[in-house]
Amino acid sequence: MAQIYTTTVKGIGPEAASFADQGMYVLFGDGAPASLADFCFTIDMNQSTDDIKPGDRLVIDGVAFPVTAVGNLVRKNLDGLGHITVNFDGAEQAQLEGTLHVQGQPPALTIGSTISIEN
């Protein structure tokens, strides 16, 4: 598989675990709005090299999770803002345009965790 996106977690908002406990990560590059920053995992801003689609894999610290659905704005938001929501619900249809759905149990993210997408 080819890597089409990679980033590193560089900050964790004090309330980020509350979403993680519900099976979701809110990722944001630098400049998250104050109303969201406390709930976000801050990531390095990087560009994707291809479209993200079902069947790709989200890889967190070496553990792969199958991508099951991709909102219409995931690539645009990820490239432009570093902002998407990752939902570990295995949904086959995206609930929101900025949400990436994957199958599996969310691992704990820490500062320095690596996140990549492969196709």
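Figured I'd write up the structure that's included with this text. Worth saying up front: this structure is predicted, and the values here are computed from it rather than measured.

This part takes up the packing of aromatic side chains. Taken as a whole, this structure holds 4 aromatic pairs when the rule is applied. Ring centres of Tyr 25 and Phe 88 lie 5.1 Å apart, and the angle between their planes is 75 degrees; on these two criteria the pair is classed as edge-to-face. Of this pair, Tyr 25 sits in strand S2 (residues 24-28) while Phe 88 sits in the loop between strand S6 (84-87) and strand S7 (99-102); the two residues are 63 residues apart in sequence, bridging distant segments of the chain. The exposure classification of Tyr 25 matches that of Phe 88, with both residues buried. A network of ring pairs unites the aromatic residues Tyr 25, Phe 41, Phe 65 and Phe 88 as a single cluster.

Bringing the side chain of Asn 87 into the picture now. Secondary-structure assignment places Asn 87 in strand S6. Contact partners of Asn 87, with chain neighbours within four places excluded, come to Gly 23, Met 24, Thr 99, Leu 100, His 101 and Val 102.

For the rest of this paragraph, the subject is the pairing of strand S4 (residues 57-60). Here 4 bridges tie S4 to strand S5 (residues 63-70), and the two strands are oriented antiparallel to one another. Across the sheet, the residue bridging to Leu 58 is Phe 65, located in S5. Linking S4 to S5, which pair antiparallel, is a turn of 2 residues; within it Asp 61 sits at a positive phi near 50 degrees. For S4 and strand S8 (residues 114-118), the ladder comprises 4 bridges, and the chain directions are antiparallel.

Each value, and the rule that gives it
Residues numbered from 1 in each chain as written. Predicted model: local features only at pLDDT ≥ 70, side-chain atom pairs only at ≥ 80, totals over all residues. Heavy atoms only, no water. Phe/Tyr/Trp six-rings, centres within 6.5 Å; stacked < 30°, edge-to-face > 60°. Helix = DSSP H or I, 4+ residues; strand = E, 2+ residues; numbered from the N terminus. Buried < 20%, exposed > 50% of the residue type's maximum accessible area, 1.4 Å probe, protein only. Contact = heavy atoms within 4.5 Å. Pairing = 2+ DSSP bridges.

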